[in-house]
Amino acid sequence: MNIGDKMPSILGLDQNGNEITLEGLAGKKVILYAYPKDNTSGCTAEACSLKEHYDELQQAGYIVVGVSKDSAASHQKFIDKYELPFPLIADTDTTLLQQLGAWGEKTMCGRKCMGTLRTTWLINEQGEIEKIFSPKEIKTKIHAEQILDYIKK
């Protein structure tokens, strides 16, 4: 997906089985972030960064939604453990991640494998992508600050 593209109409089911759709998000600005795995160091740092700056992000008019291939049960434990104030989409079959271009080959421990490419999209009220933070840009510990710096420009 590229800047100006419209997000898919159905994003998926969150940790509670609620369907998150573009129609349901209409009129809202959204930070959609894809991350590899619940409870790993980088993913936890990123989620906690977004949690710590959640009020500022909301004041800027954004809601936050995360997505990974973990199960709804895994997401619920992750949310409970770190008191995350936003939903996480359980994309267990990687349909959404593939549509977004956030599923692909990466290198881990010197081996090539398929996995989630950490990416964040800022989506406007019409469901169009305004900004994409690529895997190379994202600094997990300060990701919310990176987003806020961009928003304030």
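Residues numbered from 1 in each chain as written. Predicted model: local features only at pLDDT ≥ 70, side-chain atom pairs only at ≥ 80, totals over all residues. Heavy atoms only, no water.

## Some thoughts on the packing of aromatic side chains
Moving on, step 1. According to the stated counting rule, one finds six aromatic pairs in the structure shown.
Moving on, step 2. Linked through ring pairs, Tyr33, Tyr35, Tyr54, Phe78, Tyr82 and Phe86 together constitute an aromatic cluster. (Phe/Tyr/Trp six-rings, centres within 6.5 Å; stacked < 30°, edge-to-face > 60°.)

## Observations regarding the pattern of salt bridges
When their charged atoms lie close together, side chains carrying opposite charge are able to pair.
Moving on, step 1. Scanning the model with the defined rule gives three salt bridges in all.
Moving on, step 2. Here aspartate 70 ties to lysine 37 by a salt bridge, and the two come within 3.4 Å at their closest N and O atoms. Taken together, the positions of aspartate 70 in the loop between β4 (62-68) and α3 (72-82) and lysine 37 in the loop between β3 (29-34) and α1 (41-52) put the pair 33 residues apart, joining distant regions of the chain.
Moving on, step 3. The salt bridge partner of glutamate 46 is arginine 118, with a shortest N-O separation of 2.6 Å. In this pair, glutamate 46 sits in helix α1 while arginine 118 sits in the loop between β7 (111-116) and β8 (119-123), placing the two residues 72 residues apart along the sequence. (Salt bridge = Lys/Arg side-chain N within 4 Å of Asp/Glu carboxyl O. Helix = DSSP H or I, 4+ residues; strand = E, 2+ residues; numbered from the N terminus.)

## Brief notes about the layout of surface pockets
Moving on, step 1. Reported here for the largest pocket is a volume of approximately 190 Å³.
Moving on, step 2. Contributing to the lining of the largest pocket are Pro36, Lys37, Lys69, Asp70, Trp103, Lys106, Met108, Cys113, Met114, Gly115 and Thr116.
Moving on, step 3. Of all the secondary structure elements, the ones that give two or more residues to the lining of the largest pocket are β6 (103-108) and β7.
Moving on, step 4. Here the lining of the largest pocket takes four residues from β7, the largest share from any one element. (1 Å grid on protein atoms, 1.4 Å probe; cavity = no way out; pocket = protein on both sides within 12 Å on 5 of 7 lines; lining within 4 Å. Points joined across faces, edges and corners; volume = space filled by probe spheres on them.)

## Comments concerning unusual backbone geometry
Moving on, step 1. Here asparagine 39, not a glycine, exhibits a phi torsion of approximately 65°, which is positive.
Moving on, step 2. Overall, asparagine 39 belongs to the partly exposed group, its relative accessible area being 38%.
Moving on, step 3. The phi dihedral of threonine 94 falls on the positive side, at around 60°, and the residue is not glycine.
Moving on, step 4. Relative to the elements of secondary structure, threonine 94 occurs in the loop between β5 (88-90) and α4 (95-100).
Moving on, step 5. Judged by relative accessible area, which is 6%, threonine 94 ranks as buried. (Buried < 20%, exposed > 50% of the residue type's maximum accessible area, 1.4 Å probe, protein only.)

## Things to note about the environment of glycine 42
Moving on, step 1. Note on placement: glycine 42 falls in helix α1.
Moving on, step 2. Sequence-wise, glycine 42 and lysine 6 are 36 residues apart; in three dimensions their C-alpha atoms are separated by 28 Å.
Moving on, step 3. Not counting residues within four places of it along the chain, the set of residues in contact with glycine 42 comprises Arg118 and Thr140. (Contact = heavy atoms within 4.5 Å.)

## Things to note about the pairing of β6
Moving on, step 1. Pairing of β6 with β7 involves six bridges; the strand directions are antiparallel. Residue threonine 107 lies in a different strand from β7, and its bridge partner there is lysine 112. (Pairing = 2+ DSSP bridges.)

## What about the sheet that holds β8?
Moving on, step 1. Reading across from one edge, β5-β4-β3-β8-β9 is the order of the five strands in this open sheet, with mixed pairing throughout. Of all the strands in the sheet, just β5 and β9 (129-133) have a single pairing partner and so form its edges. Across the sheet, the axes of successive neighbouring strands diverge by a mean angle of 20°, strand direction being ignored.
Moving on, step 2. For β8 and β9, the ladder comprises four bridges, and the chain directions are antiparallel. Across the sheet, residue threonine 120 finds its bridge partner in β9, namely phenylalanine 133.
Moving on, step 3. Helix α5 (residues 143-151) contacts β3, β4, β8 and β9 of the sheet and is inclined by roughly 140° relative to β9. (Axes fitted to C-alpha atoms, helices over the stretch in contact; angles between N-to-C directions.)

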